[in-house]
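Architecture at a glance
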Amino acid sequence: MSAGELPDPETARRWLEKMVLIRRFEERAGEQYTRAKVGGFLHLGIGEEATIVGTVAALRPDDYLIGTYRTHGHVLARGSDPGRVMAELFGRVDGLCRGRGGSMHMFDADVRFMGGYGIVGGNLPIGAGIALSSDYRGTDEVTLCQMGDGAVNQGTFAETLNLAALWSLPIVFMVVNNLYGMGTAVERHSAQPDMKRRGESLGVEGVECDGMDVVDTFETVSRAVETTRSERRPILVEAEAYRFRGHSVADPEEYRTSEEVEEWRERCPILLFGNRLEEAGIVSGADRERIDAEAVAEVDRALEFAEASPEPEPGSLHDDIYVLGGQVRGWYSDHREVGRSTAGQEAAG
Amino acid sequence: MSAGELPDPETARRWLEKMVLIRRFEERAGEQYTRAKVGGFLHLGIGEEATIVGTVAALRPDDYLIGTYRTHGHVLARGSDPGRVMAELFGRVDGLCRGRGGSMHMFDADVRFMGGYGIVGGNLPIGAGIALSSDYRGTDEVTLCQMGDGAVNQGTFAETLNLAALWSLPIVFMVVNNLYGMGTAVERHSAQPDMKRRGESLGVEGVECDGMDVVDTFETVSRAVETTRSERRPILVEAEAYRFRGHSVADPEEYRTSEEVEEWRERCPILLFGNRLEEAGIVSGADRERIDAEAVAEVDRALEFAEASPEPEPGSLHDDIYVLGGQVRGWYSDHREVGRSTAGQEAAG
Amino acid sequence: MPEMRYREALNQALAEEMERDETVFLMGEDIGVFNGAFKVTNGLLERFGEKRVRDTPISENSFTGIGVGAAMTGLRPVVEIMTVNFSLLALDQVINHAAAIHYMFGGQATVPMVLRMPGGAGNQLGPTHSHSFEAFFLQVPGLLVAVPSTPADAKGLLKTAIRDDNPVVFIEHESLYGRRGEVPDDPDFTIPFGVAAVRREGSDVTVVGVSRMAITAGEAATTLADEHGIEAEVIDPRTLRPLDLDTILESVRKTNRCVVVEEGWPHGGVGANLAALIQEQAFDWLDAPVARVTGADLPMPYARNLEQLSFPHGQDVIDAVLATVGREVGAP
Amino acid sequence: MPEMRYREALNQALAEEMERDETVFLMGEDIGVFNGAFKVTNGLLERFGEKRVRDTPISENSFTGIGVGAAMTGLRPVVEIMTVNFSLLALDQVINHAAAIHYMFGGQATVPMVLRMPGGAGNQLGPTHSHSFEAFFLQVPGLLVAVPSTPADAKGLLKTAIRDDNPVVFIEHESLYGRRGEVPDDPDFTIPFGVAAVRREGSDVTVVGVSRMAITAGEAATTLADEHGIEAEVIDPRTLRPLDLDTILESVRKTNRCVVVEEGWPHGGVGANLAALIQEQAFDWLDAPVARVTGADLPMPYARNLEQLSFPHGQDVIDAVLATVGREVGAP
Ligand SMILES: Cc1ncc(C[n+]2csc(CCOP(=O)(O)OP(=O)(O)O)c2C)c(N)n1
Ligand SMILES: Cc1ncc(C[n+]2csc(CCOP(=O)(O)OP(=O)(O)O)c2C)c(N)n1
Ligand SMILES: [Mg+2]
Ligand SMILES: [Mg+2]
């Protein structure tokens, strides 16, 4: 498949399906948030589906993916069960993290999704550490570390890129540049706003892709991943993108105009890719409706699953603060003698 | 004066005198350290005198200078009394900081030396804050923020350069690249070892000078300072330099060869500049000896002053932890009822 | 007296001090164009302009340090860290720099900076976003630490903090922003540091509540009086450095029993510090150990039911008071 | 049993565990070519090579985080932060990440990482370089905290730390590196966490000493016995999380008096935590308040005489014990 060309029809259809699933999932999550079924902060990936699906398609199953607080889509694209993702948003025991992490802290070891992280910039060194481990263990696994444009100004960005380059770590840093870090436009947070050049000072090559185009994203990330894999050097990929919704649900969006949002909505990655597939005769209008209906149905099932899942047992509150081993004893947890019962866990030995 | 040319004879002589003073001061400080008169860690500027004197000569009296834990030379060049600097090393009450800071934490408000800081990278944001204040107050003061090559890998480096560029702060970042951060060679700590390019990703122009040549350093830093002053943008200056002694006194120096040290010693900034002045007929051999003798005498006086200065009063231990104001009361300090007396200070009001 | 929300009281304090003193300026993430993550700085960019209300990149350690440098050279920065959770990134500038500079440089420099940040749990923000770090900051000599629990205190303490010549860590509570209360509009209204507020008088037990827990303690005290006939004296220390230990000790010498309520982790927490101080200085007046009601000893879980179990509620305070008051003197 | 220095015992522990387990590797500033700022890693680069002994740039937060990521995926990193003073730069990775990950991700990941770092005062390193942060770390659920005071403990606890599946903050003391002691050379020698060492038995007063202060307390106890006829029981907790509170309580129930000696700041310190716990759990056995001997409440000054005044010495412990033992029961 040459530059900009569509992949085989089956793959193309799968990408479309994944993007639609993410869109419908996120819409439903937002709706459940306004109904107070989902708590905390909720950051949706609506508008950024191509950056997610294109990227995940470029990874092997044994590659690692690590992201931010905006990663429902990533974990879904990676293959996690939508029901378990929704259950996590609901804070239920069948959630990916048993309800402990919530929207901002997804994790699914089974699909090598190594976590969503709530601290901007916090996932970068962890991603590099995972890449170090792959290298140390003599594998050819690659880590893809996703972040937003706002994260490049956190000290860990420069520190980690330098370390990754210095140690030849197999890691791709992916900056999803959606033009804003919360309400702050890129030119207002970065003196040099060309994100793909942010690794230059550290000798890290940067490349760019159209994050509204799943094909371009896939191709660019694939090249980056394979170069990293074979040449053992980190690469920075900037994906130009846009979030159609607010930073989190309940953002008054005073920092951008509705015209700007509308313009970008016209570049909707699902719409454009769907049109293209239809033009190429890969899907029909009816197919597209069916794909959408199936996504809605899958999200319905996810919602049902989440709603049916019980809350975590109060008695489980103190589980897994520590890995207990025979070699340790003493207190590990709450010592209070008064107030509500919070008897701590005790080591076996 | 055109590129590489000597300044007027009086200025040239003063530069030589300052460099010799710093050299002799540092040698004496090292000697006093081995006699246990000076404690803590002692980082000497021997070999780096041109980076210090050339830089300070480029600043106006109302410009600010801020540095690291290796700044005896800087504060001397800026005009602090050598006796008070030595007294600080001795931990005496007449020390610049009344013996509280020691070698790593010099400060002299009178000459706008805004501090030596023990935390690598810690002085960068503070320098930018000082520059912000100059700008905010509507002055044309410039801040020069000095650091080592090792500091560029601290997160604050990229963070602060970005902020300085974004906010058009009048600050010059000066990296004294002496090829090692402690025992780690530049190529072993920086994936992209060309220090002057470390601001590229952030849109900060970088320039370079020969830090073994006081004239080149002066010219380069002067240009940078004046550009920063008039154009309101930060500039990065890299000065290639070398420390002739260990990282701190008592460094076995296993990370470099004695041949390398010898080669660099041949580029001694004092020797070369002295030769040049002699060749230019600005100083004679006898002048050079006199300059040296005067420096030694001045250091002798500094030492006498330091030795004569009393230790800080034990009763002053709790002074100046806080600025006391009428608006606050309550404890500020040690509450212990037992043990040695450490009665805390109490607010007046 | 006008009534307003806690966030409005803070906004008013900022505006009044900026009006009063040209050297006061604000820095922080999304405080300007976005009007603040919690809207505390609402309208201030428009009113005071870009010079004095500065949106920053996400670079906590460095913009905090920029505050330190600006404060050393004549300005009075009020730096907002979006939430206490991110202050971990800035602790080097806070502890090794802001707190040390006045002392370390022999008194030559001062750091009149305020570091504002909200903390606390209860909004299902999960393990990285629900911290209470009062107990970190109170350890550090050189810092002052304020923990306002009412709109009036929020305003009065913030104005004092801005006028103070020391670095002040000013910890707000995310769950209090929407709370209303009467707030003096006199621009000279300030509340001194180091003066605790006795929220309710009582003779049976002293309950010290920190930040939001002062409210929780007050509510519990009402129930204790109504349902158990126990009169609790509720004290809000308002600042943890300086600490008005005298007022607390005086109360304990009267009630002989004490319960400390805080939201943070139990070990080495605010309550541990108070318990240690109280038993040291009022040992013979204590008829029961100083009890502590604290947040649970774990990374705060997201699930609503688990989170609710993990920070103190009124019933926990009531239980602790009953256990403390019910304890027989001399019985193990 | 061979005698060796504390630093050599640590070196031996590292070498043995690296020999034993391929997944153990080291990272830190100047630990390789420079052989370690305090020579703890002396010779290990030569012996184990660049893959397993990695010199890092000066990027504390990030190389700590790299340790976290490596630990989550099968390795056992031992990360050295050159001194505790610089750990302030890495606290986000330690607290928001290392400590939280196992819990936050529902048990799916573990972080078997050791974060080694020396602390303490006494070498005139001044305000930014003399911290004792035990009291910060012990607050944090998810972390384990070890504070060895002898060469044997240094070795045995470090081996346990490396084998443990939790993140361990391992705090060494700069002034102990040169101290000698007997150290078992059995490669299976380990010391379990959560087991305090009773260094000296005694019936008059319990003295708990943390890190180097266990040594200071032991010396003071000898003088107390020789010159004052007072028999102090000296306890070194060895780990602060888990804490062997049982051993301490048992001793206090015997002696009825307790003094805690630590080097850090007084407010919210290790001693505050212990005092709070002891008065809570052994209230009726206490004949005097739990006393604390701590570092002074200030940024550590450089001048030798001032510095010596600012951290505890034997005489301070003796004075505190005499005051505690001399206190009449029931007297204010
Ligand atoms: C260290 C830290 N500082 C601040 C925040 C609050 N915050 C959450 S998301 C965000 C903006 C991040 O923007 P960007 O990196 O562009 O990602 P996007 O949200 O656009 O996907 C901020 C400031 C945080 N979570 N962590
Ligand atoms: C944050 C921090 N980490 C580590 C250290 C220990 N340390 C002191 S100096 C130094 C090397 C700095 O090298 P460089 O910046 O090149 O300056 P130079 O000493 O060569 O002048 C290190 C690692 C420190 N002081 N601060
Ligand atoms: Mg963004
Ligand atoms: Mg260097």
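Look above for the structure.
Below you will find a few notes about this structure. Nothing here was measured: the structure is a model prediction, and the numbers come from that model. (Residues numbered from 1 in each chain as written. Chains lettered and ligands numbered in written order. Predicted model: local features only at pLDDT ≥ 70, side-chain atom pairs only at ≥ 80, totals over all residues. Heavy atoms only, no water.)

When its secondary structure is counted, chain A shows 11 helices and 7 strands. Computed over the C-alpha atoms, the radius of gyration of chain A is 21 Å, within 12% of the 20 Å expected from 2.2 N^0.38 for a compact globule of 349 residues. For the C-alpha atoms alone, the extent of chain A along its principal axes is close to 65 × 50 × 40 Å. Long-range contacts, defined here as pairs at least 24 residues apart, represent 71% of the contacts in chain A between residues at least 6 apart. With the model as given, the accessible surface of chain A reaches about 11,400 Å², and the carbon-plus-sulfur share is 47%. Each charge class in chain A was averaged separately, 37 positive and 59 negative side chains, and the resulting centres sit 3 Å apart. (Helix = DSSP H or I, 4+ residues; strand = E, 2+ residues; numbered from the N terminus. Rg over C-alpha atoms; globule rule 2.2 N^0.38 Å. Contact = heavy atoms within 4.5 Å. Areas by Shrake-Rupley, 256 points an atom, 1.4 Å probe, with all protein chains shown as cover. Lys, Arg positive; Asp, Glu negative; His and termini not counted. Charge placed at Lys NZ, Arg CZ, Asp CG, Glu CD.)

Now for the overall build of chain C. Scanning chain C from terminus to terminus reveals 12 helices and 14 strands. Against the 2.2 N^0.38 benchmark of 20 Å for 332 residues, chain C shows a C-alpha radius of gyration of 20 Å, consistent with a compact globule. Projected onto the principal axes, the alpha-carbon positions of chain C cover approximately 65 × 45 × 40 Å. When burial is assessed residue by residue, chain C has 76% of its 332 residues classed as buried. The long-range share in chain C, meaning contacts at least 24 apart out of those at least 6 apart in sequence, stands at 83%. Accessible surface, chain C: about 7,900 Å² in total, of which carbon and sulfur atoms supply 45%. In chain C, which carries 26 positive and 46 negative side-chain charges, the distance between the mean positions of the two groups comes to 3 Å. (Buried < 20%, exposed > 50% of the residue type's maximum accessible area, 1.4 Å probe, protein only.)

On to the nonpolar core. Nonpolar side chains tend to gather and get buried jointly when the protein is soluble and globular. If you look at the biggest cluster of nonpolar residues, it comprises 347 residues, and the most contacted ones within it are Met72 of chain C together with Met72 of chain D. A per-element tally of this core places helix H1 (residues 9-34) of chain B first, with 10 residues. If sequence neighbours within four positions are ignored, Met72 of chain C has contacts with Phe107, Met114, Tyr117 and Ile126 of chain B together with Ile101, Phe105, Ala109, Thr110 and Val111 of chain C. (Core = buried A, V, L, I, M, F, W, Y, C linked by side-chain atoms within 4.5 Å.)

What follows concerns the coordination of the magnesium ion (ligand 4). All names here are of chain B. Looking at the magnesium ion (ligand 4), one finds its protein donor set to be Asp149 (OD), Asn178 (OD1) and Tyr180 (O), positioned 2.0 to 2.2 Å from the metal centre. Counting along the primary sequence, the residues that act as donors to the magnesium ion (ligand 4) give the motif D-x28-N-x1-Y. Of the two residues, Asp149 sits in the loop between strand E2 (143-148) and helix H6 (155-166) while Asn178 sits in the loop between strand E3 (171-177) and strand E4 (180-181), which places them 29 residues apart along the sequence. The class of Asn178 is buried, set by a relative accessible area of 6%. (Donors = N, O, S within 2.8 Å, 3.2 Å for Na, K, Ca; no water.)

A few words now on the sheet that holds E3 of chain B. Residues and elements named next belong to chain B. With parallel pairing, the 5 strands of this open sheet are ordered in space as E1-E2-E3-E7-E6. Strands at the two margins of the open sheet, each flanked by one partner only, are strand E1 (64-66) and strand E6 (205-210). This sheet shows a mean twist of 20° between the axes of neighbouring strands, independent of strand direction. Together, E1, E2, E3 and strand E7 (235-240) form the strand contacts of helix H2 (residues 49-57), whose direction differs from that of E3 by roughly 165°. (Pairing = 2+ DSSP bridges. Axes fitted to C-alpha atoms, helices over the stretch in contact; angles between N-to-C directions.)

Quick look at the interface of chain A and chain D now. Contacts between the two partners involve 47 residues from chain A and, on the opposite side, 60 residues from chain D. Carbon and sulfur atoms make up 62% of the area that chain A and chain D hide from each other, which totals about 4,300 Å². At the junction of chain A with chain D, the criterion picks out 22 residue pairs in polar contact (both at pLDDT 80 or more). Contributing elements (two or more residues each) for the side of chain A that touches chain D: helix H5 (123-136) and helix H6 (155-166) of chain A. For the side of chain A that touches chain D, the element with the most residues is H5 of chain A, which contributes 8 residues. Its residues assigned to classes, the side of chain A that touches chain D shows 25 nonpolar, 13 polar and 9 charged. (Buried area = accessible area lost by both parts, 1.4 Å probe. Polar contact = N/O pair within 3.5 Å; in protein donor to acceptor, adjacent residues only side chain to side chain. Nonpolar A, V, L, I, M, F, W, Y, C, P; charged D, E, K, R; others polar.)

As a further point, take the site of ligand 2. The environment of ligand 2 is formed by 22 residues, the closest being Tyr69, Arg70, Gly150 and Asn178 of chain B together with Glu60 of chain D. Around ligand 2, the neighbouring residues derive from chains B and D rather than from a single chain. Between ligand 2 and Tyr69 of chain B there is a distance of 2.8 Å, counted from an oxygen atom to a side-chain nitrogen or oxygen. Take Glu60 of chain D: an N or O atom from its side chain is 2.6 Å from a nitrogen atom of ligand 2. Relative to its free-state accessible area of 580 Å², ligand 2 is covered by the protein chains to the extent of 96%. Here the shell around ligand 2 is built from residues that sort into 10 nonpolar, 8 polar and 4 charged. (Near = heavy atom within 4 Å.)

The magnesium ion (ligand 3) binds to the protein through Asp149 of chain A (OD), Asn178 of chain A (OD1) and Tyr180 of chain A (O), with metal-donor distances spanning 2.0 to 2.2 Å. Overall, Asp149 of chain A belongs to the buried group, its relative accessible area being 1%.

This brings us to the site of ligand 1. In the neighbourhood of ligand 1, 22 residues make up the surrounding shell, with Tyr69, Arg70, Gly118 and Asn178 of chain A together with Glu60 of chain C lying closest. The environment around ligand 1 is built from residues contributed by chains A and C. Between His247 of chain A and ligand 1, the recorded distance is 3.4 Å, taken from a side-chain N or O atom to an oxygen atom. Here a nitrogen atom of ligand 1 sits 2.6 Å away from a polar atom, N or O, in the side chain of Glu60 of chain C. In the complex, the protein chains occlude 96% of the 580 Å² of accessible area that ligand 1 would expose alone.

A word on the relation of the copies chain D and chain C. Screw-axis analysis of chain D against chain C gives a translation of 0.0 Å along the axis, an RMSD of 0.0 Å, and a rotation angle of 180°. In symmetry terms, the pair is related by a two-fold rotation axis. A shared interface surface links the copies, since 100% of the contact residues of chain D are contact residues in chain C too. (Least-squares fit on C-alpha atoms with pLDDT ≥ 70 in both.)

With 51 residues of chain D at the contact, the number on the chain C side is 51 residues. A combined buried area of about 4,500 Å² lies between chain D and chain C, and 62% of that area is made up of carbon and sulfur atoms. Counting the surface chain D buries against chain C, the share from its top three residues, Tyr103, Gln139 and Phe283 of chain D, is 14%. A salt bridge links Asp297 of chain D to Arg241 of chain C, with the shortest nitrogen-to-oxygen separation between them at 2.7 Å. The interface formed by chain D and chain C includes 18 residue pairs in polar contact (both at pLDDT 80 or more). Looking at the side of chain D that touches chain C, the element that brings in the most residues is helix H4 (residues 91-104) of chain D, giving 8 residues. (Salt bridge = Lys/Arg side-chain N within 4 Å of Asp/Glu carboxyl O.)

Turning to the side chain of Thr41 of chain C, a few remarks are in order. Residues and elements named next belong to chain C. With respect to the helices, strands and loops of the structure, Thr41 is situated in the loop between strand E2 (24-28) and helix H2 (44-48). Taking relative accessible area as the criterion, Thr41 reaches 2% and is therefore assigned buried. One polar contact links the side chain of Thr41 to the main-chain carbonyl oxygen of Asn35, over a distance of 3.4 Å. Look past the residues within four positions of Thr41 in its chain and what remains in contact with it is Asn11, Leu14, Leu26, Ile31, Asn35, Gly36, Glu80 and Arg116.

With that settled, consider the pattern of salt bridges. Residues and elements named next belong to chain B. One pass over the full model with this rule turns up 94 salt bridges over all chains. A salt bridge links Arg265 to Glu262; the shortest N-O distance between them is 4.0 Å. Placement of the pair is Arg265 and Glu262 together in helix H9 (residues 258-265), with a separation of 3 residues, close to one helical turn. Looking at Arg265, the relative accessible area reads 33%, which means it is partly exposed.

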